[in-house]
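# Coordinate inspection notes
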Amino acid sequence: MNVINNLTMETIHDTMRWTKDIGMFTIDRSRETSCLHKTTFCDDTCFNNKLERAFAHAIEPKDVRNDQAWDNLNHTKVKGLFNRKRNQTQRARLMSRGEAFATFDDLRKVQHLANSTPNTEWWIPTRAWRDETLWHDVRALEVMTPNLRILASVDPSNTQSEWERLKAEERSIMFFGDDSMTTAPTGERMFMCPKTHKDMHGHCSICKGGCFRTSKRVVVHLKEH
Ligand code: SF4
């Protein structure tokens, strides 16, 4: 990756972007620095592969800015992040590119962000559950931080025992990678995501039955784009 020499300290305020497709603001990181818990299936099928082939010239410098903003997050005044934003701010996403919980250092950053924005639900699909030590601390953070909505990202390369482990901890799942599946390997009927199955763009901002459901565990099925 080309690294730009940028003397300006980037902040989350600068790099956060509105993502029309899901109807919410998103924060991103580069995949190289953050996707440390990825599967082989991620390598082959991540939707970012296609984007990078088409828009590498724009994505590479944005990755550098995003990583700089994330690195600076602990030292950034996040309060007021959503002031003067015209679009909805009740829900936002970490990340639409990259991983929120790459290392232990990210725990404090996510906590700082969430505590500074108590009126926002932060949606975090993550593969950090694949690192059991890190995942232990993510779960502890979740207990202390009521505005996190953490789902385990799962794909067809994950094993039966991994599905069972996630079920045993009552973890909601976001599954992607096999459009023919309607039932999870652990027996639950999957919730068919309205955005990807019915092309309801922007629906994530108001979706009740899927990723933001808190009343009970859900296994969300995303259809391939
Ligand atoms: S289930 Fe709902 S919140 Fe989750 S991706 Fe689909 S539309 Fe968005």
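No experiment lies behind these values; they were computed from the predicted model shown. (Residues numbered from 1 in each chain as written. Predicted model: local features only at pLDDT ≥ 70, side-chain atom pairs only at ≥ 80, totals over all residues.)

Before going further, it helps to spend a moment on the pairing of strand E3 (residues 91-94). In E3, alternate side chains face the same way, and those of Arg91 and Arg93 on one face and Ala92 and Leu94 on the other are all buried. Where strand E2 (residues 24-27) lies against E3, three bridges are found, and the strand directions are parallel. Looking at E3, one finds that threonine 26 is bridged to arginine 93. In the sheet, E3 pairs with strand E4 (residues 121-126) via three bridges, with the strands oriented parallel. Counted as the bridge partner of arginine 93 is tryptophan 123 from E4. For the crossover that starts at E3, traverses helix H5 (residues 105-116) and ends in the parallel E4, the hand is right-handed. (Buried ≥ 20, exposed ≤ 12 C-beta atoms within 10 Å, placed from the backbone. Helix = DSSP H or I, 4+ residues; strand = E, 2+ residues; numbered from the N terminus. Pairing = 2+ DSSP bridges. Right-handed = clockwise from strand over helix to strand, strands pointing away.)

Glancing now at the site of the ligand. Contacts to the ligand come from Cys193, Pro194, Lys195, His203, Cys204, Cys207, Gly210, Cys211, Phe212 and Val220. Broken down by class, the residue content of the shell around the ligand amounts to seven nonpolar, two polar and one charged. (Near = placed C-beta within 6 Å. Nonpolar A, V, L, I, M, F, W, Y, C, P; charged D, E, K, R; others polar.)

Turning our attention to the sheet that holds strand E6 (residues 173-176). Backbone hydrogen bonds are what pair the strands of a sheet, in a parallel or an antiparallel way. With mixed pairing, the eight strands of this open sheet are ordered in space as E1-E2-E3-E4-E5-E6-E8-E7. The open sheet has two edge strands with one neighbour each: strand E1 (17-19) and strand E7 (191-192). Sheet topology note: the E6/strand E8 (residues 219-222) ladder contains four bridges and is parallel. Considered in E8, the bridge of phenylalanine 176 is made with leucine 222.

Its twelve residues give H5 an end-to-end C-alpha distance of 17 Å, which sits within 8% of 16 Å, the value for a rise of 1.5 Å per residue. Turning to H5, its buried residues are Asp106, Lys109, Val110, Leu113 and Ala114. All buried residues of H5 lie within an arc of 125 degrees about the axis, which places them on one face of the element. For H5, exposure combined with an orientation more than 90 degrees from the buried face picks out Asp105 and Arg108. Where H5 is buried, its residues meet helix H4 (47-71), E3, E4, helix H6 (132-144) and strand E5 (148-154). (Expected span 1.5 Å × (residues − 1). Arc of directions from axis to C-beta. Contact = placed C-beta atoms within 7 Å.)

What follows covers the environment of serine 34. Within the secondary structure, serine 34 is located in helix H2 (residues 31-34). Placed 184 residues apart in sequence, serine 34 and valine 218 show a C-alpha to C-alpha distance of 26 Å.

So, on to the confidence of the model for the protein. Averaged over all residues, the pLDDT of the protein is 93; the fraction at 70 or higher stands at 96%. In this model, residues 1-6 is a region of pLDDT below 50 whose contacts with residues beyond four sequence positions or in other chains number ten contacts. (pLDDT = per-residue confidence, 0-100.)

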